[in-house]
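# Coordinate inspection notes
Here are the chains, one letter per residue:
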Amino acid sequence: MRVRARLVLSKRCGVDYTESMTRDYLSIHPFAASRAGVRNGEREDHGGEGGLAIAPAKPKLKRPPLYRVILLNDDYTPMEFVVLVLEQFFGMNREKATQVMLAVHTRGKGVCGIYPQDIAETKAAQVNQSARDSGHPLLCEVEPSMDDDEG
Ligand code: TYC
């Protein structure tokens, strides 16, 4: 990722100097950058010893693979309970929760949300536990989604 960084050498350093640079982000004190020969985003080769070796920072962030949380239909769980579950665990308002519940009711299954794996599994487990606690057979499961970068 390219980051626009700004180096400001303070008056305490004896220089009142502002330089705008476009370069890979380096977490480095301006003074060290100056000593390392970093100017205008480029490394000046001073040769010999005493220079500070600086490797460009590599972007480390990768988006996690995503998983669908799937709600399954059954003949016994009350519609109102399913709506409440969708509101409680998936942040849906009543209108959206009712739409999703009816889609699951008519099609047999439906997607409640898409999340990183740990969040998806936690939500499915919360739904299943809540249904068990209330004596309903409602089931929720998780499946890999093709909607991410790896898909
Ligand atoms: N089919 C259920 C009924 O008629 C309602 C229902 C909807 C159950 C969605 C589960 O995931 C579900 N009472």
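What counts and how
- Residues numbered from 1 in each chain as written.
- Predicted model: local features only at pLDDT ≥ 70, side-chain atom pairs only at ≥ 80, totals over all residues.
- Heavy atoms only, no water.
- Near = heavy atom within 4 Å.
- Polar contact = N/O pair within 3.5 Å; in protein donor to acceptor, adjacent residues only side chain to side chain.
- Areas by Shrake-Rupley, 256 points an atom, 1.4 Å probe, with all protein chains shown as cover.
- Helix = DSSP H or I, 4+ residues; strand = E, 2+ residues; numbered from the N terminus.
- Nonpolar A, V, L, I, M, F, W, Y, C, P; charged D, E, K, R; others polar.
- Salt bridge = Lys/Arg side-chain N within 4 Å of Asp/Glu carboxyl O.
- Buried < 20%, exposed > 50% of the residue type's maximum accessible area, 1.4 Å probe, protein only.
- Axes fitted to C-alpha atoms, helices over the stretch in contact; angles between N-to-C directions.
- Left-handed = near helix turned anticlockwise from the far one by under 90°.
- Contact = heavy atoms within 4.5 Å.
- Expected span 1.5 Å × (residues − 1).
- Core = buried A, V, L, I, M, F, W, Y, C linked by side-chain atoms within 4.5 Å.
- Phe/Tyr/Trp six-rings, centres within 6.5 Å; stacked < 30°, edge-to-face > 60°.
- Lys NZ or Arg CZ within 6 Å of the ring centre and 35° of its normal.

With that settled, the discussion passes to the site of the ligand. Near the ligand, the surroundings consist of Leu 71, Leu 72, Asn 73, Asp 74, Thr 77, Met 79, Val 82, Met 101, Val 104, His 105 and Leu 138. Here a nitrogen atom of the ligand and a backbone polar atom of Asp 74 are 2.7 Å apart. His 105 has a polar side-chain atom sitting 2.9 Å from a nitrogen atom of the ligand. Look at the ligand: alone it shows 350 Å² of surface, and the protein chains cover 89% of it. Looking at the shell around the ligand, the elements that each hand over two or more residues are β5 (66-72), α2 (79-90) and α3 (94-107). Class assignment of the residues belonging to the shell around the ligand gives a composition of seven nonpolar, three polar and one charged.

This next bit is on the pattern of salt bridges. Under the defined criterion, the tally for this structure stands at three salt bridges. Of the charged contacts in the structure, one is a salt bridge between Arg 68 and Glu 143, with a shortest N-O distance of 3.1 Å. With a gap of 75 residues between them, Arg 68 in strand β5 and Glu 143 in strand β7 (residues 139-144) connect regions that are remote in the sequence. Between Glu 87 and Arg 94 there is a salt bridge whose closest N-O contact spans 3.0 Å. Relative accessible area serves as the criterion here: at 39%, Arg 94 is assigned to the partly exposed category.

Another point: the packing of α2 against helix α4 (residues 117-134). At a minimum axis distance of 11 Å, the contact between α2 and α4 shows a crossing angle of 145°. In the packing of α2 onto α4, the handedness of the crossing is right-handed. Each of Phe 81, Val 85, Phe 89 and Phe 90 in α2 lies in contact with α4, whose residues at this interface are Lys 123, Gln 126, Val 127, Ser 130, Ala 131 and Ser 134. Tallied by class, residues from the contact of α2 with α4 come to six nonpolar, three polar and one charged.

This part takes up α2. Taking 1.5 Å per residue, 12 residues should reach 16 Å; α2 reaches 16 Å between its end C-alpha atoms and fits that length. Those residues of α2 that sit buried are Phe 81, Val 82, Val 83, Val 85, Leu 86, Phe 89 and Phe 90. Where α2 is buried, its residues touch β5, α3, β6 (109-116) and α4. Immediately downstream of α2, the backbone of Gly 91 shows phi near 65°, a positive value.

Before going further, it helps to examine the nonpolar core. Ranked by size, the top nonpolar core spans 23 residues in total, and within it Val 69, Leu 71, Leu 86, Phe 90, Val 127 and Leu 138 carry the most contacts. Taken together, the elements giving at least two residues each to this core come down to β5, α2, α3, β6 and α4. At seven residues, the largest contribution of residues to this core is made by α2. Discounting residues that sit within four places of it in the chain, Leu 71 has contacts with Val 82, Leu 86, Val 104, Gly 108, Lys 109, Gly 110, Cys 112, Val 127, Leu 138, Leu 139 and Cys 140.

Now for the packing of aromatic side chains. The way to describe two aromatic rings as a pair is by their centre distance and the angle between their planes. Inspection of the entire model under this criterion finds one aromatic pair. Both rings, one in Phe 90 and one in Tyr 115, keep their centres 6.4 Å apart while their planes meet at 35°; by these two values the pair is tilted. Pair noted here: Phe 90 is in helix α2 and Tyr 115 is in strand β6, with a separation of 25 residues, a long-range link. Take Phe 90 and Tyr 115: they sit in the same class, and that class is buried. Directly above the aromatic system of Phe 90 lies the positively charged group of Lys 123, at a separation of 5.7 Å from the ring centroid.

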